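Survey of secondary and tertiary structure
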Amino acid sequence: MPAIVTDLALVAHWIDGKEQPGTSGRTAPVFDPALGTVSKNVSLADQAEIAAAITSAKAAFPAWRDLSMAKRQQVLFSFRELLNARKGEMAEIITSEHGKVLSDALGEISRGQEVVEFACGIPHLLKGDYSENVSTGVDVYSTRQALGVVAVISPFNFPAMVPMWFFPLALAAGNSVILKPSEKDPSAAIWMAKLLQEAGLPDGVFTVLQGDKESVDGLLEHPDVKAISFVGSTPIAQYVYETGTRHGKRIQALGGAKNHMLVLPDADLDLVADSAINAGFGSAGERCMAISVIVAVEPVADVLIEKIVTRMNTLTVGDGRRSCDMGPLVTEVHRDKVASYIEIAKEDGANIVVDGRGIEVDGDPNGFWLGPTLIDALPVTSKAYTEEIFGPVLSVVRVASFEEGVDLINSGAFGNGTAIFTNDGGAARRFQNEIEVGMIGINVPIPVPVSYFSFGGWKNSLFGDTKAHGVEGVHFFTRGKAITSRWLDPSHGGINLGFPENN
Ligand code: NAD
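Keep in mind it's a predicted model, so treat the numbers as computed, not measured. (Residues numbered from 1 in each chain as written. Predicted model: local features only at pLDDT ≥ 70, side-chain atom pairs only at ≥ 80, totals over all residues. Heavy atoms only, no water.)

1. Describing the sheet that holds strand β4 (residues 27–32)
The cut-off we apply is this: Strand pairing is defined by DSSP finding a minimum of two bridges between the two strands. Runs of H or I in DSSP of at least four residues are treated as helices and runs of E of at least two as strands, each being numbered from the N terminus. Contacts are assigned to residue pairs that have any heavy atoms within 4.5 Å of one another. Angles shown run from 0 to 180 degrees and are taken between the N-to-C directions of axes, each axis being a line fitted to C-alpha atoms and, for helices, limited to the stretch in contact.
Here three strands make up an open sheet; going across it, the order is β1-β5-β4 and the pairing mixed. Strands at the two margins of the open sheet, each flanked by one partner only, are β1 (10–11) and β4. The pairing of β1 with strand β5 (residues 37–43) spans two bridges and is parallel. Across the sheet, residue Leu10 finds its bridge partner in β5, namely Asn41. Its contacts with the sheet put helix α2 (residues 69–98) on β4 and β5, and the angle it makes with β4 is roughly 100°.

2. Let's talk about the domain arrangement of the chain
This is how it is decided: Here the limits of each domain have been adopted from an automatic or database domain assignment. Buried area is a sum: the accessible area each of two parts loses on coming together, probed at 1.4 Å, counted once for each and added. Should a side-chain nitrogen of Lys or Arg be within 4 Å of a carboxyl oxygen of Asp or Glu, the pair is scored as a salt bridge. Side-chain atoms alone can form a polar contact between residues adjacent in sequence; in general such a contact is a pair of N or O atoms within 3.5 Å, and within protein one must be able to donate a hydrogen while the other accepts it.
Entries for the chain in the domain assignment read domain 1 (47–255 + 461–482) and domain 2 (259–442). If you average the C-alpha positions of domain 1 and of domain 2, the two centres end up 32 Å apart. Here domain 1 meets domain 2 over a buried area of about 1,400 Å², counting both sides, of which 59% is carbon and sulfur. When the buried area of domain 1 at its contact with domain 2 is split by residue, Val101, Phe156 and Ser461 rank highest and sum to 32% of it. Between Asp104 and Arg287 there is a salt bridge, with its nearest N and O atoms 2.7 Å apart. Counting every contact that joins domain 1 to domain 2 gives seven residue pairs in polar contact (both at pLDDT 80 or more).

3. Things to note about the site of the ligand
Note the cut-off: Working definition: residue near molecule or strand if any one of its non-hydrogen atoms lies within 4 Å of it.
The full set close to the ligand counts 26 residues, and Lys180, Glu183, Ser233, Gly255 and Glu388 are the nearest of them. Between the ligand and Ser154, the relevant distance is 2.8 Å, taken from an oxygen atom to a main-chain nitrogen or oxygen of the residue. Within the side chain of Ser233, a nitrogen or oxygen atom sits 2.6 Å from an oxygen atom of the ligand. Put simply, the parts of the chain that give the shell around the ligand at least two residues each are α7 (213–221) and β11 (225–231). Both domain 1 (47–255 + 461–482) and domain 2 (259–442) contribute no fewer than three residues apiece to the shell around the ligand.

4. Overview of the packing of helix α1 (residues 47–66) against α7
To keep it simple, the criterion reads: Roughly parallel covers angles under 35 degrees, roughly antiparallel covers those over 145, roughly perpendicular covers 65 to 115, and oblique covers all other angles. By definition, any crossing whose near helix is turned counterclockwise from its far helix by less than a right angle is left-handed, and any crossing with a clockwise turn is right-handed. Throughout, the ten residues Ala, Val, Leu, Ile, Met, Phe, Trp, Tyr, Cys and Pro are labelled nonpolar, Asp, Glu, Lys and Arg are labelled charged, and all others, Gly among them, are labelled polar.
Look at α1 against α7: their axes get within 10 Å of each other, and the N-to-C directions meet at 45°. What the angle tells us is that α1 and α7 run oblique. Note that α1 runs across α7; the crossing there is right-handed. Facing α1, whose interface residues are Gln47, Ile50 and Ile54, α7 presents Glu214, Ser215, Gly218 and Leu219. Here the contact of α1 with α7 is composed, by residue class, of three nonpolar, three polar and one charged.

5. Some details on the packing of aromatic side chains
The condition is simple: Working definition: rings of Phe, Tyr and Trp (its six-membered ring) pair if their centres are within 6.5 Å, and the pair is stacked with planes under 30 degrees apart, edge-to-face with planes over 60 apart, and tilted otherwise. Burial here depends on accessible area, computed with a 1.4 Å probe over protein chains only, as a share of the maximum for the residue type. Under 20% is buried, over 50% is exposed, and the range in between is partly exposed.
Considering all chains together, one arrives at nine aromatic pairs under this definition. Arranged with centres 6.2 Å apart and planes meeting at 80°, the rings of Trp165 and Phe166 form a pair that is edge-to-face. In this structure, Trp165 and Phe166 share a single accessibility class: buried. Grouped by ring-pair contacts, the aromatic residues Phe79, Phe167 and Phe206 constitute a single cluster.

Next up, the structure:
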């Protein structure tokens, strides 16, 4: 374990429109995963800092809410332009703290930018309904209004995209936002806060609170925080959902995943092999939509494995700042946890076709490396099958039929994403109907919906009933009002204690 260095840059909070170094005395190390060293430390908020962040966000809310939609929209447009021009800067920050290769960091920013673009259409998205003359001289209309202070709590694996799933819509709708990023890669949040300020966002409307469980609990319990969007592992998502709703908040909590790819015998196996490599090992498997299990309907498994191994042999692993396919894992602790699943699979009788432990890399020997790993014949009772691994470990489970594959996928605890590879439209149609998963790919391995649809899984992959972005995102960050209005000639008055009927 590398030594904790204390005289390094301290990643600060962003409160009241400026960087505010932490005063709690508590910090966490931020690593450069390709070098295996501590590159900086991040402040971890205490109760006083949590209170200061919420007070600032609350004070900024009324003026931001009352600004015209056109002016809020202009801030979003400016942010989009600045982000598009300067996303390379943030990609470098992400790679230096997360480890993913630069092109992948740019990719996540672009997918986040899509939501900014969607949020630029907020005037259309917030248009209410109007019904004229529902009763004689009576009109009814509806409107949606901002909630107040809302919080976003994000995981380490997408330090830019996941916050952007939420804050553009929350801001556009007139809320003030507190972002609590992962303490593993906290700097992208500060970069985005500065860019929002440059785009014209008033101080206090966007806050970054650096921290750990103490900050999360502070946000969950504070009465002035009206809603929380959480993304992270399933146990914490469930905890956030239960604690937050107990405190009367609106919560959407997206959890972990174990995504399967069902391969039918009629599929194009070259396409399948390419897709399995891309979806299994991109971002070192640290994606909630990564494919981690290939369910091969026999007799395809042997041929498919051969094709996948051929491709794996061409992959280069190294420092994401250099030209390579796959970077390191985020921390040494996480790398060791992922590697332990390879041993578990072996002990449970699986065949380790390619073992990524001890791989030679184009990078510092102390980096948190683990090479692409392929496991065949993984027993579905093994913890390497039932638990989320979240690393570059792809497993193959062989089944005899489409039905057996569907039953296997539906028996799992998670329901985030899944894919079917086939040339049989009828089978694909049955799959999309019968499978108990929130996001489905048909010959598409990572079916992340575009921003105007909503992102979210089923079962243990989402607690709450509202998904991220799209129309569901707009609804999450607003609440509806229905207004019944009568402008009558005074002669139409009169006393009537009966329940209002329409006539
Ligand atoms: P994590 O659950 O460890 O952390 C997520 C957030 O919760 C962080 O901000 C962290 O500071 C906070 N946190 C951690 N422990 C806490 C505790 N005990 N109490 C309160 N807050 C706590 O997740 P991670 O390791 O950062 O991210 C990886 C996980 O996120 C994976 O399980 C992955 O599948 C999941 N994920 C899911 C989606 C999705 O859309 N469903 C997207 C991305 C990541």
